[in-house]
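# Analysis of the macromolecular model
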Amino acid sequence: MTVVQPTLSLWDAPPTRHTDRIVADATDRMAWLKARARGVTATDMARLSGPKALRALAIEKLLGTGFAGNSFTAHGRLREPEIAHWARRVYGMQPSSALFHADGRPEHLATPDGLRERGASLELCEIKTTNTAWRSIPRHYLRQVWWQQYVLGADRTLVVWEQHDAFVPVGAEPECRWVDRDDNEIHRLIGLADQLLDAMRR
């Protein structure tokens, strides 16, 4: 009797490792920006608060934006390496500037600030600077974190933030909190991302 082996579908195939899904690196800024413009990033996801924001973002991604940064973004870029050094020393987070795509979804993109592997588990790091005290992580940043977890297949994220007063750090060390993966939120975000991609194609 001939035994017919079942054919593997896309859904049956084992997931690829995150290291096999690197699209570009921020060290090559032009290639990184070009790749990001073609898909939905974690930064985009932070802004997707509703239909109006979705339409505005679709137009911006198609036509570009004149925003080149301000004093707050400049401060964030200046402080991020120092905060990343703290996260590496205290939590073993390896700094990263790679842009990854989701397994099977090349237009779903994310660039986490750091990551570490613990056995079969992948954990991410996201770094922020803020001029206000946080009682909890702002919702738009949570969307960003959950999107990164989905894209890389991570289990949780260490959000690290440093508060400043007139661009002078307030505390001796940053604050941090773990955020667990939330598949219900991720499912909702995937739907929003696909709506954004559809709007960009019109």
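Conventions and cut-offs
Residues numbered from 1 in each chain as written. Predicted model: local features only at pLDDT ≥ 70, side-chain atom pairs only at ≥ 80, totals over all residues. Heavy atoms only, no water. Phe/Tyr/Trp six-rings, centres within 6.5 Å; stacked < 30°, edge-to-face > 60°. Helix = DSSP H or I, 4+ residues; strand = E, 2+ residues; numbered from the N terminus. Buried < 20%, exposed > 50% of the residue type's maximum accessible area, 1.4 Å probe, protein only. Patch = residues over 30% accessible without salt bridge, like charges linked within 9 Å, V, L, I, M, F, W, Y side chains within 5 Å. Areas by Shrake-Rupley, 256 points an atom, 1.4 Å probe, with all protein chains shown as cover. Salt bridge = Lys/Arg side-chain N within 4 Å of Asp/Glu carboxyl O. Axes fitted to C-alpha atoms, helices over the stretch in contact; angles between N-to-C directions. Parallel < 35°, antiparallel > 145°, perpendicular 65-115°, else oblique. Contact = heavy atoms within 4.5 Å. Nonpolar A, V, L, I, M, F, W, Y, C, P; charged D, E, K, R; others polar.

For the structure on display, the rule yields 6 aromatic pairs. A ring pair is formed by tyrosine 91 and tryptophan 178, whose centres lie 6.1 Å apart and whose planes are at 80°; its orientation type is edge-to-face. Of the two residues, tyrosine 91 is situated in helix H4 (residues 71–91) and tryptophan 178 in strand S9 (residues 175–180); the sequence distance between them amounts to 87 residues. Here tyrosine 91 falls in the partly exposed class, since its relative accessible area comes to 25%. Tryptophan 178 gets classed as partly exposed once you look at its relative accessible area, which sits at 25%. The interplanar angle of 35° and the centroid separation of 5.0 Å between the aromatic rings of tryptophan 134 and tryptophan 161 together place this pair among those described as tilted. On the criterion of sequence distance, the pair formed by tryptophan 134 in the loop between strand S6 (121–130) and helix H5 (139–152) and tryptophan 161 in strand S7 (residues 156–165) is long-range, its members being 27 residues apart.

The grouping of Ile59, Leu62 and Leu63 at the surface amounts to a nonpolar patch, some 340 Å² of accessible area in total. Along the chain, leucine 62 turns up in helix H3 (residues 51–63). We classify leucine 62 as partly exposed; its relative accessible area is 47%.

At a minimum axis separation of 10 Å, H5 and helix H6 (residues 183–201) run at an interaxial angle of 90°. Taken together, the axis directions place H5 and H6 in an arrangement best described as roughly perpendicular. The segment H5 lies against H6, with Arg139, Arg143, Trp146, Trp147 and Tyr150 engaging Glu185, Ile186, Arg188, Leu189, Ile190 and Ala193. Grouping the amino acids of the contact of H5 with H6 by side-chain chemistry returns 7 nonpolar, no polar and 4 charged.

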